[in-house]
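# Fold and geometry: a report
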Amino acid sequence: VQLVESGGGLVQPGGSLRLSCAASGFTFSRYGMSWYRQAPGKERELVAAIANVGDFTNYADSVKGRFTISRDNAKNTVYLQMNSLKPEDTAVYYCKRSGTQNYWGQGTQVTVSS
């Protein structure tokens with residue numbers, strides 16, 4: 001199992017980024033996927049989750065209305081569209097595969113600062 005995140009970077013408050021997580025080594029369409037984040041000195045927290053066929057999504061209250069999780073099972077990729085970014089969104093963002101055993105990517109840094 002391999003999960004590789006990309007798309008992070010430095011963005012000004014109010015800006016947008018789209019994160020991608022490319023998956024390999026398993027049947028992607030069978031598993032729910034999620035995005036987590038961890039800011040310095042804080043615990044890792046769930047940001048958004050999506051069911052295996054994309055018919056159910058869930059978001060942390062802090063990102064509802066600003067972030068959108070989606071997936072393309074043909075490309076084995078899950079996305080996180082982040083709009084109206086705030087400084088408090090600054091963190092390392094990780095994707096995770098759900099299941100009897102969890103797998104994590106290496107993370108991608110998102111920094112929101114002017």
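As shown above, the structure is provided for reference.
Okay, so let's go over this structure. (Residues numbered from 1 in each chain as written. Predicted model: local features only at pLDDT ≥ 70, side-chain atom pairs only at ≥ 80, totals over all residues. Heavy atoms only, no water.)

## As for the pattern of salt bridges
Across all of its chains, the model carries four salt bridges by this definition. With a closest N to O distance of 3.2 Å, Lys 64 and Asp 61 form a salt bridge. Taking relative accessible area as the criterion, Lys 64 reaches 48% and is therefore assigned partly exposed. One salt bridge in this structure joins Arg 66 and Asp 89, with 2.8 Å as the shortest N-O distance. Of this pair, Arg 66 sits in the loop between strand S6 (57-59) and strand S7 (67-72) while Asp 89 sits in the loop between strand S8 (77-82) and strand S9 (91-97), and the two are 23 residues apart along the sequence. Each member of the pair Arg 66 and Asp 89 is classed as buried. Salt bridges sharing partners connect three or more residues here, namely Arg 37, Glu 45, Arg 66 and Asp 89. (Salt bridge = Lys/Arg side-chain N within 4 Å of Asp/Glu carboxyl O. Buried < 20%, exposed > 50% of the residue type's maximum accessible area, 1.4 Å probe, protein only. Helix = DSSP H or I, 4+ residues; strand = E, 2+ residues; numbered from the N terminus.)

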